[in-house]
Amino acid sequence: MNPIILEKSTKNETLVKILSIAIPVAVALLIGIRTKIDLGAWTKTLPHVIGLLNTTTSITLILGLMAVRNKNIARHRQMMGLSFIQGALFLVLYILYHISNQSTPFGGEGILRPIYYFLLVSHIVLSIGVVWFVLRAVYFALSGQIVEHKRIVKWTLPLWLYVSITGVIVYLMISPYYN
């Protein structure tokens, strides 16, 4: 049985809703800062770390799905917890990179250009929305609301996996243009 870690309460549900809005808004505001903050040359390596995090998140999401399908709930919890931690770390590193570095323009041409921008735009738009789904799924799981958890993860997993995988593809496509 699922151990209840969080209480099911209006307060916690409100907190999830607030964070679901506050996180994407805060990211947009921080990234929108035109004057970049000098955090040092080490931030130039962050896109590569972020690409790796997207890759490992995709893997742990798939392993979590496989575990729950095999009724290995303990392994499922581990993989999804790891996915959540990687997502949080990704977010911090993404903000650090973008507040300290100018955006890298995509230099590809031909058919690659519209493919890249389609993947980038869909990745960004869905990454904003997936925050709400992920936070709700985690809240439902941690508060023992398994029926609600199962209901929302039918949407959460495909969205999160798409965002994660397109993050890897976008990274691979733009990585030749990093300074």
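This text goes with the structure placed above it.
Scoring rules and cut-offs
Residues numbered from 1 in each chain as written. Predicted model: local features only at pLDDT ≥ 70, side-chain atom pairs only at ≥ 80, totals over all residues. Heavy atoms only, no water. Helix = DSSP H or I, 4+ residues; strand = E, 2+ residues; numbered from the N terminus. Rg over C-alpha atoms; globule rule 2.2 N^0.38 Å. Contact = heavy atoms within 4.5 Å. Areas by Shrake-Rupley, 256 points an atom, 1.4 Å probe, with all protein chains shown as cover. Lys, Arg positive; Asp, Glu negative; His and termini not counted. Charge placed at Lys NZ, Arg CZ, Asp CG, Glu CD. Patch = residues over 30% accessible without salt bridge, like charges linked within 9 Å, V, L, I, M, F, W, Y side chains within 5 Å. Salt bridge = Lys/Arg side-chain N within 4 Å of Asp/Glu carboxyl O. Buried < 20%, exposed > 50% of the residue type's maximum accessible area, 1.4 Å probe, protein only. Core = buried A, V, L, I, M, F, W, Y, C linked by side-chain atoms within 4.5 Å. Expected span 1.5 Å × (residues − 1).

**Focus on the overall build of the protein chain**
Point 1. When you go through the protein chain residue by residue, the secondary structure sums to five helices and zero strands.
Point 2. Starting at the N terminus and walking to the C terminus, you meet the elements of the protein chain as α-α-α-α-α.
Point 3. Computed over the C-alpha atoms, the radius of gyration of the protein chain is 17 Å, within 12% of the 16 Å expected from 2.2 N^0.38 for a compact globule of 179 residues.
Point 4. For the protein chain, the C-alpha atoms occupy an extent of roughly 50 × 35 × 25 Å along the three principal directions.
Point 5. Long-range pairs, those at least 24 residues apart, make up 80% of the contacts in the protein chain between residues at least 6 apart in sequence.
Point 6. A total accessible area of about 10,800 Å² is found for the protein chain, and carbon and sulfur atoms account for 72% of it.
Point 7. Each charge class in the protein chain can be summarised by its mean position, and for the 15 positive and 5 negative side chains these summaries are 7 Å apart.

**Things to note about a positive patch on the surface**
Point 1. A cluster of basic side chains, namely Lys71, Lys150, Arg151 and Lys154, defines a positive patch on the protein surface.
Point 2. Here Lys150 lies in helix α5 (residues 146–174).
Point 3. For Lys150, a relative accessible area of 53% puts it in the exposed group.

**Some words on the side chain of Arg136**
Point 1. Assignment of secondary structure puts Arg136 in helix α4 (residues 112–142).
Point 2. The buried charged residue Arg136 lacks any salt bridge partner; its closest oppositely charged side chain belongs to Glu13, at an N-O distance of 5.0 Å.
Point 3. Not counting residues up to four positions away in its chain, the partners in contact with Arg136 are Val16, Lys17 and Ile152.

**Describing the nonpolar core**
Point 1. Within the largest apolar cluster, eight residues are counted, these being Leu61, Val130, Val134, Leu157, Leu159, Trp160, Leu161 and Val163.
Point 2. Contributing elements (two or more residues each) for this core: α4 and α5.
Point 3. Element by element, the count of residues in this core is highest for α5, at five residues.
Point 4. Other than its neighbours up to four places away in sequence, Leu157 contacts Leu61 and Leu65.

**A few points about helix α2 (residues 46–69)**
Point 1. Taking 1.5 Å of rise per residue, 24 residues should cover 34 Å, and α2 covers 34 Å from first to last C-alpha, within 8% of that figure.
Point 2. Its buried side turned inward, α2 meets α3 (73–100) and α5.
Point 3. Positioned one or two residues after α2, Lys71 has a phi angle of 60°, which is positive.

**As for the environment of His76**
Point 1. With respect to the helices, strands and loops of the structure, His76 is situated in helix α3.
Point 2. Between the C-alpha atom of His76 and that of Met66, which follows or precedes it by ten residues, the distance is 7.9 Å.
Point 3. Not counting chain neighbours up to four residues away, the residues in contact with His76 comprise Gly64, Ala67, Val68 and His149.

Worth remembering: the numbers are spatial, not functional.
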